[in-house]
Amino acid sequence: MAENKQYITNVQENGSVMISEDVIISIVSHAVSEVDGVVSISSKPVAELADMIGKKWGKGMRIAINDSNDVIIDVDVVIGYGQSVVAIAGAVQTAIIGAVQSMTGVESVTVNVNVCSIARQ
């Protein structure tokens, strides 16, 4: 396993299943892309620096997994002009929580949505 990676550990009868934070990032990316009104996930210039020092802050999101397998996700999005920012952000939270829970079995998922910008679609 790679250094500086966080994993969800799910103990099974015949061994353990470990789910990398990279898998969570993929799940989040797909879930956000399905929400109407979201133009994109916003990537910040400091993402590359954060990755170098071991913080997962790639492609506009940060993932933290604690010892209890609680997952905390921060995602930066660009919303379409004329859309309800609050409604779209709520839809993003719902989509991410549902996708992560159904695909990983983790019950405790917290999603913080940062609306960075609005753009014409």
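Residues numbered from 1 in each chain as written. Predicted model: local features only at pLDDT ≥ 70, side-chain atom pairs only at ≥ 80, totals over all residues. Heavy atoms only, no water.

> Can you help me understand the overall build of the protein chain in this one?
What the protein chain contains, in helices and strands, is 3 helices and 6 strands. Scored against the burial criterion, the 121 residues of the protein chain give a buried share of 34%. Taking all contacts inside the protein chain whose residues are at least 6 apart in sequence as the whole, residues at least 24 apart take part in 63%. (Helix = DSSP H or I, 4+ residues; strand = E, 2+ residues; numbered from the N terminus. Buried < 20%, exposed > 50% of the residue type's maximum accessible area, 1.4 Å probe, protein only. Contact = heavy atoms within 4.5 Å.)

> Can you walk me through the packing of helix 1 (residues 21-33) against helix 3 (residues 85-104) in this structure?
When two helices pack together, their arrangement is given by the angle between the helix axes and by the axis-to-axis distance. Where helix 1 contacts helix 3, the axes come no closer than 9 Å and their chain directions differ by 135 degrees. As the angle between them shows, helix 1 and helix 3 are arranged oblique. Between helix 1 and helix 3 lies a crossing of right-handed hand. Taken together, the residues of helix 3 that come into contact with helix 1 (itself represented by Ile24, Ile27, Val28, Ala31 and Val32) are Val92, Ala95, Ile96, Ala99, Val100, Met103 and Thr104. Residues belonging to the contact of helix 1 with helix 3 are distributed by class as follows: 11 nonpolar, 1 polar and no charged. (Axes fitted to C-alpha atoms, helices over the stretch in contact; angles between N-to-C directions. Parallel < 35°, antiparallel > 145°, perpendicular 65-115°, else oblique. Left-handed = near helix turned anticlockwise from the far one by under 90°. Nonpolar A, V, L, I, M, F, W, Y, C, P; charged D, E, K, R; others polar.)

> Which parts of the structure should I look at to understand the nonpolar core?
Considering soluble globular proteins, one finds that nonpolar side chains tend to be buried as a cluster. Formed by 26 residues in total, the largest nonpolar core has its most connected members in Ile24, Val28, Ile73, Val75 and Ile96. Breaking this core down by element, the ones donating at least two residues are helix 1, strand 4 (61-65), strand 5 (71-80), helix 3 and strand 6 (109-119). When residues of this core are assigned to their parent elements, the largest contribution, 6 residues, is made by helix 1. Look past the residues within four positions of Val28 in its chain and what remains in contact with it is Met61, Ile73, Val75, Ile96 and Val100. (Core = buried A, V, L, I, M, F, W, Y, C linked by side-chain atoms within 4.5 Å.)

> How should the environment of Gln6 be read in this particular structure?
Note that Gln6 resides in the segment before strand 1 (7-12). Residue Gln6 is classed as partly exposed on the basis of its relative accessible area, which comes to 28%. Along the primary structure Gln6 and Ile65 are separated by 59 residues, whereas in three dimensions their C-alpha atoms are 6.3 Å apart. Residue contacts for Gln6: discarding those within four places in its chain leaves Ile19, Ser20, Glu21, Ile63, Ala64 and Ile65.

> Quick question: what am I supposed to make of the pattern of salt bridges here?
One side chain can pair with another of opposite charge once the charged atoms of both are near each other. Under the criterion given, the structure shown has 1 salt bridge. The residue Asp76 makes a salt bridge to Arg62 at a minimum N-O spacing of 3.1 Å. You can see Asp76 sitting in strand 5 and its partner Arg62 sitting in strand 4, a full 14 residues away along the chain. When its relative accessible area of 19% is taken as the criterion, Arg62 is described as buried. (Salt bridge = Lys/Arg side-chain N within 4 Å of Asp/Glu carboxyl O.)

> Explain a nonpolar patch on the surface to me, please; I cannot follow it from the model alone.
A surface patch of nonpolar side chains, about 290 Å² in accessible area, is lined by Tyr81, Val85 and Ile118. Here Ile118 lies in strand 6. Look at Ile118 and you get partly exposed, because its relative accessible area is 46%. (Patch = residues over 30% accessible without salt bridge, like charges linked within 9 Å, V, L, I, M, F, W, Y side chains within 5 Å. Areas by Shrake-Rupley, 256 points an atom, 1.4 Å probe, with all protein chains shown as cover.)

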